Amino acid sequence: GFALDDMVRDDSWRFLMVGRSVERLQFQAAVLAAALRLPGTLDLRTLAWLLELGNSTITYRTRYLASPQLMPVLDLLLLDDSNPHALGFQLDRLLDTLTRLGADLPACEALAALPGALRGLNLQPLIDDGVGARLPLCALLEQATATLRALSEQLMLRHFSRVDAGSQNTLST
């Protein structure tokens with residue numbers, strides 16, 4: 001709460017928000033990919049669990065007034081621009097923050113392609129076609145996780161590593 005309410009919106013705050021977004025995105029993408037790889041159709045309990053992990057149960061109930069179903073759950077957790085817990089929302093916010101930080105890291109380019117790739121996926125076949133139809137989405141979510149991991153490493157090396165080249169040399173006796 002203090003970070004959101006009382007911190008000056010400078011680069012320190014932006015790095016804090018980048019860390020929060022990266023962690024949330026990695027977790028959400030990994031959980032969704034693992035759930036989509038489950039055999040058979042995703043049952044009511046699994047979908048409700050995904051909504052709970054995505055902190056979107058109340059939003060889902062308010063919008064749909066029905067028990068969880070695959071397409072609306074995926075829409076809410078992946079694509080919904082008004083849901084601050086959706087992957088698309090978090091990716092857009094992360095990219096905006098990285099731009100404000102002036103981060104021109106290799107992972108940023110790969111990350112910038114993810115929102116369009118997510119929105120370009122045809123989710124309709126996921127309803128009836130089982131795990132095989134879910135594999136492209138799983139692959140995209142796993143790619144997102146790997147890209148976010150790379151981004152985290154690149155940010156750490158560029159902005160938080162305090163070891164100079166001379167200090168990295170080791171002497172053997």
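Coordinates for the structure precede this section.
Owing to the predicted nature of the structure, the values given are computational and were not obtained by experimental measurement. (Residues numbered from 1 in each chain as written. Predicted model: local features only at pLDDT ≥ 70, side-chain atom pairs only at ≥ 80, totals over all residues. Heavy atoms only, no water.)

**Regarding the overall build of the protein**
- In terms of regular secondary structure, the protein is built from nine helices and zero strands.
- Going residue by residue from the N terminus, the α and β elements of the protein occur as α-α-α-α-α-α-α-α-α.
- Split into buried and exposed, the 173 residues of the protein put 39% on the buried side.
- Considering only intrachain contacts with a sequence separation of at least 6, the fraction spanning at least 24 residues in the protein is 61%.
- Of the roughly 10,000 Å² of accessible surface on the protein, a fraction of 56% belongs to carbon and sulfur atoms. (Helix = DSSP H or I, 4+ residues; strand = E, 2+ residues; numbered from the N terminus. Buried < 20%, exposed > 50% of the residue type's maximum accessible area, 1.4 Å probe, protein only. Contact = heavy atoms within 4.5 Å. Areas by Shrake-Rupley, 256 points an atom, 1.4 Å probe, with all protein chains shown as cover.)

**Some thoughts on helix H3 (residues 44-53)**
- Burial in H3 covers these residues: Thr 46, Leu 47, Leu 50 and Leu 51. Angularly, the buried residues of H3 cover 140° about the axis, an arc narrow enough to put them on a single face. Those residues of H3 that are exposed and angled more than 90 degrees off the buried face are Arg 45 and Glu 52.
- In the core, the buried residues of H3 are packed alongside helix H2 (11-36), helix H4 (57-64) and helix H5 (70-79). (Arc of directions from axis to C-beta.)

**Structural notes on a nonpolar patch on the surface**
- The grouping of Phe 27, Trp 49 and Leu 53 at the surface amounts to a nonpolar patch, some 300 Å² of accessible area in total.
- Structurally, Leu 53 is set in helix H3. (Patch = residues over 30% accessible without salt bridge, like charges linked within 9 Å, V, L, I, M, F, W, Y side chains within 5 Å. Salt bridge = Lys/Arg side-chain N within 4 Å of Asp/Glu carboxyl O.)

**Some points on the packing of H3 against H5**
- Interaxial distance between H3 and H5 falls to 11 Å at its minimum, and their mutual angle equals 15°. Judged by the inter-axis angle, H3 sits roughly parallel to H5. Crossing handedness for the pair H3 and H5: left-handed. Of H5, the residues touching H3 (which contributes Leu 47, Leu 50 and Leu 51) are Leu 70, Val 73, Leu 76 and Leu 77. (Axes fitted to C-alpha atoms, helices over the stretch in contact; angles between N-to-C directions. Parallel < 35°, antiparallel > 145°, perpendicular 65-115°, else oblique. Left-handed = near helix turned anticlockwise from the far one by under 90°.)

**Here's the deal with the packing of H4 against H5**
- Two numbers describe how H4 lies on H5: the axes approach to 11 Å, and their chain directions differ by 125°. In terms of orientation, H4 lies oblique with respect to H5. Crossing angle aside, the handedness with which H4 passes H5 is right-handed. Of H5, the residues touching H4 (which contributes Thr 59, Tyr 60, Arg 63 and Tyr 64) are Pro 72, Val 73, Asp 75 and Leu 76.
- Each residue belonging to the contact of H4 with H5 can be placed in one class, and the counts come to five nonpolar, one polar and two charged. (Nonpolar A, V, L, I, M, F, W, Y, C, P; charged D, E, K, R; others polar.)

**Brief notes about the pattern of salt bridges**
- Across all of its chains, the model carries seven salt bridges by this definition.
- Across the pair Glu 142 and Arg 37 runs a salt bridge, and its minimum N-O distance is 2.8 Å. Taken together, the residues Glu 142 in helix H8 (residues 130-160) and Arg 37 in the loop between H2 and H3 connect sequence positions 105 residues apart.
- By relative accessible area, Glu 142 is classed as partly exposed at 33%.
- Put simply, Arg 45 and Asp 43 hold a salt bridge, and the shortest N to O gap is 4.0 Å.
- For Arg 45, a relative accessible area of 68% corresponds to the exposed category.
- Each of Asp 81, Asp 92 and Arg 119 takes part in a single network of salt bridges with overlapping partners.

**Notes on unusual backbone geometry**
- A positive phi is found at Asn 55, a non-glycine position, where the angle reads about 50°.
- With respect to the helices, strands and loops of the structure, Asn 55 is situated in the loop between H3 and H4.
- Since its relative accessible area comes to 52%, Asn 55 is described here as exposed.
- Notably, Leu 65 is not glycine yet its phi reads approximately 45°, a positive angle.
- When you line up the elements, Leu 65 lands in the loop between H4 and H5.
- We classify Leu 65 as exposed; its relative accessible area is 75%.

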